[in-house]
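Structure assessment
What follows is each chain in one-letter form.
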Amino acid sequence: MRALAALVFSVVLAAQFENTSRRAGLIHSIPNGGVDSKRFIIETTGSGAAFIDYDNDGFLDVFLVSGGGGTSRLYHNNGKGAFDEVTAQAGFTRDGWGQGVCAGDFDNDGFTDLFVTYWGRNALYRNRAGKFFEDIAARSGLTQNRIRYNTGCAFLDYDNDGRLDLFVANYLKFDPATTPKPGENPYCWYRNIPVNCGPRGLPFDRNILYRNEGAGVFRDVSEESRIAKPSQHYALGVLTGDFNDDGFTDIYVACDQTPSLLYMNRGDGTFSEEALLRGVALDENGKALSGMGAASADYDGDGWPDIFRTNFSDERETLYRNLAKGEFEDVTRGAGLSRNTRFVGWGCGFFDFDNDGWQDLLLVNGHAFPEVEKLKLDIRYKDRAILYRNTAGGKFDDVSDASGPGILERHSARGAAFGDIHNDGSVEVLINNQNEPPTLLERAGKPRNNWIILKLTGSRANRGAIGARVKVTAGGRTQTGEVRSGGSYLSQSDLRLHFGLGSAPKVDEVEVRWPGGATQIVRNLRPNRVTAITETARP
Amino acid sequence: MRAISRAFTGLTAVCAFGQDVGTGVEQFHKGQYAAARQTLERALKDSPGDAHSTTFLALSRAATGGCKEAAPALAAQFNSGAGDLRRLAGVGLAQCHLAGSRFDEAYPVIQKLEEQNPADADVLYLSAKLHMRAWNGAVYRMFQKTPASYRVNQLSAEILEIQGKYAEAAAEYRKAISKNPAAVNLHYRLGRALLMESHAPEALDAARKEFEAELALNPSDAAAEYQVGQILAAKENDTEAAVHFARASELAPDFPEALVALSKLRAGDEAVALLERAVRLQPANEAARYSLMLAYRKAGRAADALRQKEELDKLQKPPEGEFTEFLKKLGEKPK
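We now turn to the structure provided with this report.

Cut-offs used in this document
Residues numbered from 1 in each chain as written. Chains lettered and ligands numbered in written order. Predicted model: local features only at pLDDT ≥ 70, side-chain atom pairs only at ≥ 80, totals over all residues. Heavy atoms only, no water. Helix = DSSP H or I, 4+ residues; strand = E, 2+ residues; numbered from the N terminus. Buried < 20%, exposed > 50% of the residue type's maximum accessible area, 1.4 Å probe, protein only. Contact = heavy atoms within 4.5 Å. Areas by Shrake-Rupley, 256 points an atom, 1.4 Å probe, with all protein chains shown as cover. Phe/Tyr/Trp six-rings, centres within 6.5 Å; stacked < 30°, edge-to-face > 60°. Buried area = accessible area lost by both parts, 1.4 Å probe. Salt bridge = Lys/Arg side-chain N within 4 Å of Asp/Glu carboxyl O. Polar contact = N/O pair within 3.5 Å; in protein donor to acceptor, adjacent residues only side chain to side chain. Disulfide = S-S within 2.5 Å. Pairing = 2+ DSSP bridges. Core = buried A, V, L, I, M, F, W, Y, C linked by side-chain atoms within 4.5 Å. Expected span 1.5 Å × (residues − 1). Axes fitted to C-alpha atoms, helices over the stretch in contact; angles between N-to-C directions. Parallel < 35°, antiparallel > 145°, perpendicular 65-115°, else oblique. Left-handed = near helix turned anticlockwise from the far one by under 90°.

The helix and strand inventory of chain B stands at 19 helices and zero strands. The burial tally for chain B puts 45% of its 335 residues in the buried class. Considering only residue pairs separated by 6 or more positions, chain B has 46% of its internal contacts joining residues 24 or more positions apart. By element, 55% of the accessible surface of chain B is carried by carbon and sulfur atoms, the whole surface being about 16700 Å².

If you want it as structure tokens, here you go:
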């Protein structure tokens, strides 16, 4: 009887997610290469998704990056839970192999700009007063002297000069004319079936850092900053954060089949790559995994940002706990995240879906090779998402099966972005699916707990406050968060910060450490609303 | 005849010689073996004893079905010649032996070729072919002479594993077990196949039963103990897992993986000591080095951690390592 009661209780507690993309008007399929088989690796890695408020109307809009055969698409949030497509009028007309997207107000004009990575020339879309976007990559110095396979990206102010710089990950050197075809060499096979070749066997490339020189001009500082030093990594997802709390933004890069990278910002315009020694390059057995996406949050409430990374099938997801000062330990197994080994994970993010004040975790999946469907195994090209509920105390419960049809729908998912499209305290998830319309995961029934969303605006710091670190104290607990560009898998989540407050009736204190080091404290905020905080001028 | 001709296609040599010899070598490389034979016989009359003429004539004869006639010259060149000519003669001689199914004679030639040319694709191909032919012959004899033996099922299962057909492999292992319940290693291999077949949590329990059955047959099987420990660790039952890892390392004191696994369930100096022992046992073990580096770091021994990092950097795995990983997945027990 008690067991039955417990079961009923847990069912009642479970959040139910559904896919509302059709109802919301997100109906267009996003092309990404072959459906039943793929000839080249470029068909497997796209593409990202973004939630941004491009017209500053207070509601998150949707941007979806497209693979070859289509244009990336922009949808405007009408404020009533639905979206209108505005792709053409906003100026997005380019076809090409789009990969990643990241957002930031690089010109500090108050409107969020977009950077979209491609196999080929990248695009810097300058937001013209929320009306349309203009690709100014060429005149901004963001062109490259050869075709590159750009993947993850993030705006960051690495030198704290108030202007957003730009990091771009590069996967490998890809040329369809010289790349072997499926089955042509040992790197073009998976479980005895011929599949597209790589990344192993294909030449490495190097990552890029562009410094914002002002007046809309960027300069490639990859060499002088030592970003270009690591040379044997297949780089995909980019995650920024001040992992050692020294006031300078560091860069973590999830790498495929090679050790992941952690560029520690030395504060003098240079970085040193320290992933191995800091414990975030490999898994607990010292093995390089196939890292795809990465997310960060202080999941255990100790004040330090931790790192989660999605990996390939037959590998565990990886949760690295920050032991303080940017030294990490692989705690995947102890945290309850080691059991889902059949999935190829891509987009991921921490979000507090029940507003209990503890960061939960969602990752989206789908095998790289459509051909695996022929194997009749338990690994699938189209697969479901995984939702973990943070039970506090450093542990997660896999609640996927009890969390509604939206979680269990099968897609070959890649990018995932997180944000509250209704401003009602419940965080939605936008997922870019290969050769299908996107998924919009919405929770049916809103969480009962309190919440707050903070929208930060820098004045001395960059306008979008990217890199700002926030401590929210409510109900006797302090949570931390950081404003980030990029992240997840080649995606952009809401630049505002969402915090669940549990039953706390108010926020006692918000402490903001702005990029550059200025600290600002705001007290006694009312919950269940979006609150704007603008950087006050220094005395 | 066609088969042996084809076998010589692609053999290349760069050398300078007289007109007839040059023409004969060119004809050989173009696969015009009969013409090469005539040209080289003529060249040899003009310059008796010329090494190039002798060797390429022998190769041409071999390529046109005259292995018996060619063998003495090829053997002579292989045993006392030098450079590429020697390599070509060895390859030709080995191909002749293989074509005649004379594996005993082919083996020493190929072994010597491998010693002299360790990264030569032609030589490695021949070596693989020799072993494949020998393996095929043994399998054929086994299936023909002992078709009802449990070994036939065991071998079938191992082949199915290589093909990635784990469900079928498991079925064959089960047949083998039913025929010979006392045979060791079958339950172990079945447990591995079950783990490879499915990622479902139930597969862990099913595999654990097999590893425990293996231990019932052979209580000193350290690898089976280790696998039980791994399953318990995956299920977050650290206390019991540690017992099995400890037993595995007692049964096989030279089993660094067991020490590494045990170290993850221990703390402080005890973990460091286990890992130092693992590294001493196998200095090239990346898992041991990595874990030791992190254990030193955690213990505040920054300089020691840095030293381990430097060693790890040296161990950066070459792509070939993936094939070792592949073999490990097939269930080979640690040597």
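On to the packing of aromatic side chains. Across all of its chains, the model carries 31 aromatic pairs over all chains by this definition. Ring centres 5.0 Å apart and planes at 55° place the aromatic pair Phe-63 of chain A and Phe-92 of chain A in the tilted group. Linking Phe-63 of chain A in strand β3 (residues 61-64) with Phe-92 of chain A in the loop between β5 (83-85) and β6 (98-104), this pair joins segments that are 29 residues apart in sequence. Accessibility classification places Phe-63 of chain A together with Phe-92 of chain A in one group, the buried group. Each ring, one from Tyr-226 of chain B and one from Phe-255 of chain B, has its centre 5.2 Å from the other, and the planes form 50°; the classification is tilted. In this pair, Tyr-226 of chain B sits in helix α13 (residues 222-234) while Phe-255 of chain B sits in the loop between α14 (238-251) and α15 (256-263), placing the two residues 29 residues apart along the sequence. Residue Tyr-226 of chain B shares its accessibility class with Phe-255 of chain B, and that shared class is buried.

Residues and elements named next belong to chain A. Examined against the element boundaries, Ala-90 turns out to sit in the loop between β5 and β6. For Ala-90, a relative accessible area of 2% translates into the label buried. Along the primary structure Ala-90 and Leu-362 are separated by 272 residues, whereas in three dimensions their C-alpha atoms are 31 Å apart. Leaving out residues up to four positions away in the same chain, Ala-90 has contacts with Leu-74, Lys-131, Phe-132 and Phe-133.

Our focus in this paragraph is the interface of chain A and chain B. One frequently used descriptor of interface size is the decrease in accessible area upon assembly of the parts. Taken together, the 34 residues of chain A in the interface contact 33 residues of chain B. Where chain A abuts chain B, roughly 2600 Å² becomes buried across the two surfaces, and 47% of that area is made up of carbon and sulfur atoms. Three residues, Leu-276, Leu-277 and Arg-333 of chain A, lead the burial of chain A against chain B; their summed loss comes to 25% of the area buried on that side. Joining chain A to chain B, the criterion identifies five salt bridges. The shortest N-O distance in the salt bridge between Arg-333 of chain A and Asp-238 of chain B comes to 2.7 Å. One can count 12 residue pairs in polar contact (both at pLDDT 80 or more) joining chain A with chain B.

The next subject is the state of the cysteines. All names here are of chain A. Tallied over the entire structure, the rule returns three disulfides over all chains. Disulfide pairing is shown between Cys-102 and Cys-153; the S-S distance is 2.3 Å. Every disulfide takes its handedness from the sign of the S-S torsion; for Cys-102 and Cys-153 that torsion is -125°, giving left-handed. In this pair, Cys-102 is assigned in strand β6 and Cys-153 in strand β10 (residues 150-156), connecting sequence segments 51 residues apart. Cys-153 sits in the buried class, given a relative accessible area of 3%. With its sulfur 2.0 Å from that of its partner, Cys-188 forms a disulfide with Cys-197. Negative torsions about the S-S bond denote left-handed disulfides, and the value of about 110° found for Cys-188 with Cys-197 makes this one right-handed. Using a relative accessible area of 0% as the deciding quantity, one classes Cys-188 as buried. In chain A, the bonded cysteines, taken in the order they occur along the sequence, pair up as 1-2, 3-4.

Residues and elements named next belong to chain A. Among the six residues in strand β25 (residues 360-365), six count as buried, and that is most of the element. Both faces of β25 are covered, namely the face carrying Asp-360, Leu-362 and Val-364 and the face carrying Leu-361, Leu-363 and Asn-365. Direction of pairing for strand β24 (residues 345-351) relative to β25: antiparallel, over a ladder of five bridges. Along β25, the bridge assignment pairs Phe-350 with Leu-361.

Counting residues in hydrophobic clusters, the biggest one holds 67 residues, and the most contacted among them are Tyr-252, Leu-262, Val-280 and Ile-307 of chain A together with Phe-245 of chain B. Every residue in contact with Ile-307 of chain A, bar those within four places of it in the chain, is listed here: Leu-239, Phe-243, Tyr-252, Val-280, Ala-295, Thr-318, Leu-319, Tyr-320 and Phe-328 of chain A. Among the nonpolar cores identified, the runner-up in size contains 38 residues, and Phe-106, Cys-153, Val-168 and Ala-461 of chain A belong to it.

Moving on: α15 of chain B. All names here are of chain B. Among the eight residues in α15, seven count as buried, and that is most of the element. By the burial criterion, the buried members of α15 are Pro-256, Ala-258, Leu-259, Val-260, Ala-261, Leu-262 and Ser-263. Close packing links the buried residues of α15 with α13, α14, α16 (268-281) and α17 (286-298).

The end-to-end C-alpha distance of helix α11 (residues 186-197) of chain B is 16 Å, a good match for the 16 Å that 12 residues give at a rise of 1.5 Å each. Listed in full, the buried residues belonging to α11 of chain B are Leu-186, His-187, Tyr-188, Arg-189, Leu-190, Gly-191, Arg-192, Ala-193, Leu-194 and Met-196 of chain B.

A few words now on the environment of Gly-336 of chain A. Among the structural elements, Gly-336 of chain A can be located in the loop between β23 (328-330) and β24. Each C-alpha atom of the pair Gly-336 of chain A and Lys-395 of chain A lies 6.0 Å from the other, and the pair is 59 residues apart in sequence. Setting aside its immediate chain neighbours within four residues, Gly-336 of chain A contacts Tyr-388 and Phe-396 of chain A together with Glu-236 of chain B.

Residues and elements named next belong to chain B. Put simply, helix α6 (residues 83-99) and helix α7 (residues 103-116) touch, their axes get as near as 8 Å, and they point 155° apart. Between α6 and α7, the crossing angle belongs to the class labelled roughly antiparallel. Note that α6 runs across α7; the crossing there is left-handed. Along its contact with α6, which presents Arg-86, Arg-87, Gly-90, Val-91, Leu-93, Ala-94, His-97 and Leu-98, the element α7 presents Phe-103, Glu-105, Ala-106, Val-109, Ile-110, Lys-112, Leu-113 and Gln-116.

For the rest of this paragraph, the subject is the sheet that holds strand β14 (residues 208-214) of chain A. All names here are of chain A. An order of β10-β11-β14-β15 is seen for the four strands of this open sheet, with the pairing classed as antiparallel. One side of each edge strand has no neighbouring strand; the edge strands of this open sheet are β10 and β15 (217-220). Put simply, the sheet's adjacent strands are angled 25° from each other on average, direction ignored. Relative to β15, β14 runs antiparallel, the two being bridged by four bridges. Paired with Asn-212 across the two strands is Phe-218, which belongs to β15.

Before going further, it helps to spend a moment on unusual backbone geometry. Residues and elements named next belong to chain A. That bond from Gly-46 to Ser-47 is cis: its omega, 0°, falls within 30 degrees of zero. Looking at the element boundaries, Ser-47 is found in the loop between β1 (16-19) and β2 (49-52). Pro-199 follows Gly-198 through a cis peptide bond whose omega is 0°. Mapping Pro-199 onto the fold places it in the loop between β13 (193-194) and β14.

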